[in-house]
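Fold and contact review
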Amino acid sequence: MPTTHHRLLRAALAVLALLTTACSTAPPGDDDSAATRTIEVTMRDIAFEPNTVTVADGETVRLQFTNEGTITHDAFAGDEAAQDAHEEEMAEMADMDHGTDDSDAEGVTVQPGEDAELLVTGGPDGTLIGCHQPGHYASGMVITIQPT
């Protein structure tokens, strides 16, 4: 069982990751008309398709996820440190649901046969979209958002 010190350290890392994510993904807020284009992403088995997307620094895109698999997937936007912190956070949660169609958040959960969207703004260092259902991120279920 983690000590209080470990819990505080994890909480501090999670806050730092969220601050880093906020700076790198910059969700456009409630106005999803800020998206310049829509990129369709298929979720199946333990893979995103495509697994690489190019987004200009400052450009906001709408990622439209369709889960064609038989298991639940999620999509969380952030840099590598944010992904690692989120992976740890999700492993400790009983309910691993981000919600769906939540364009003001860093993540969405998509049930089999369902769709959801996520707005992402490109940054100079790129961003990752990771699925953090058990074992998925570690198996490489990641989209790399590359800057142009």
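Now for a quick tour of the structure. (Residues numbered from 1 in each chain as written. Predicted model: local features only at pLDDT ≥ 70, side-chain atom pairs only at ≥ 80, totals over all residues. Heavy atoms only, no water.)

Things to note about the side chain of Gln-133
Topologically, Gln-133 is positioned in the loop between strand S8 (127-130) and strand S9 (142-147). For Gln-133, the side chain forms a polar contact with the side chain of Asp-74, separated by 2.9 Å. (Helix = DSSP H or I, 4+ residues; strand = E, 2+ residues; numbered from the N terminus. Polar contact = N/O pair within 3.5 Å; in protein donor to acceptor, adjacent residues only side chain to side chain.)

Section: the sheet that holds strand S1 (residues 37-44)
If you walk across this open sheet you meet the four strands as S2-S1-S4-S7, and the pairing is mixed. Each edge of the open sheet carries a strand with a single partner, namely strand S2 (47-49) and strand S7 (115-121). Across the sheet, the mean angle separating the axes of adjacent strands is 30° when strand polarity is ignored. The sheet contact formed by strand S4 (residues 60-67) and S7 spans seven bridges and is antiparallel. Across the sheet, residue Leu-63 finds its bridge partner in S7, namely Leu-118. (Pairing = 2+ DSSP bridges. Axes fitted to C-alpha atoms, helices over the stretch in contact; angles between N-to-C directions.)

Points about unusual backbone geometry
Cis geometry is found at the peptide bond from Glu-49 to Pro-50, where omega equals 5°. Position of Pro-50 among the secondary structure elements: in the loop between S2 and strand S3 (52-55). Notably, Asp-45 is not glycine yet its phi reads approximately 45°, a positive angle. Looking at the secondary structure, you find Asp-45 in the loop between S1 and S2.

Looking at the packing of aromatic side chains
All chains considered together, the criterion is met by one aromatic pair. On the basis of an interplanar angle of 55° and a centroid distance of 5.9 Å, the ring pair of Phe-48 and Phe-65 is categorised as tilted. Of this pair, Phe-48 sits in strand S2 while Phe-65 sits in strand S4, placing them 17 residues apart in sequence. Both residues of the pair, Phe-48 and Phe-65, belong to the buried class. (Phe/Tyr/Trp six-rings, centres within 6.5 Å; stacked < 30°, edge-to-face > 60°. Buried < 20%, exposed > 50% of the residue type's maximum accessible area, 1.4 Å probe, protein only.)

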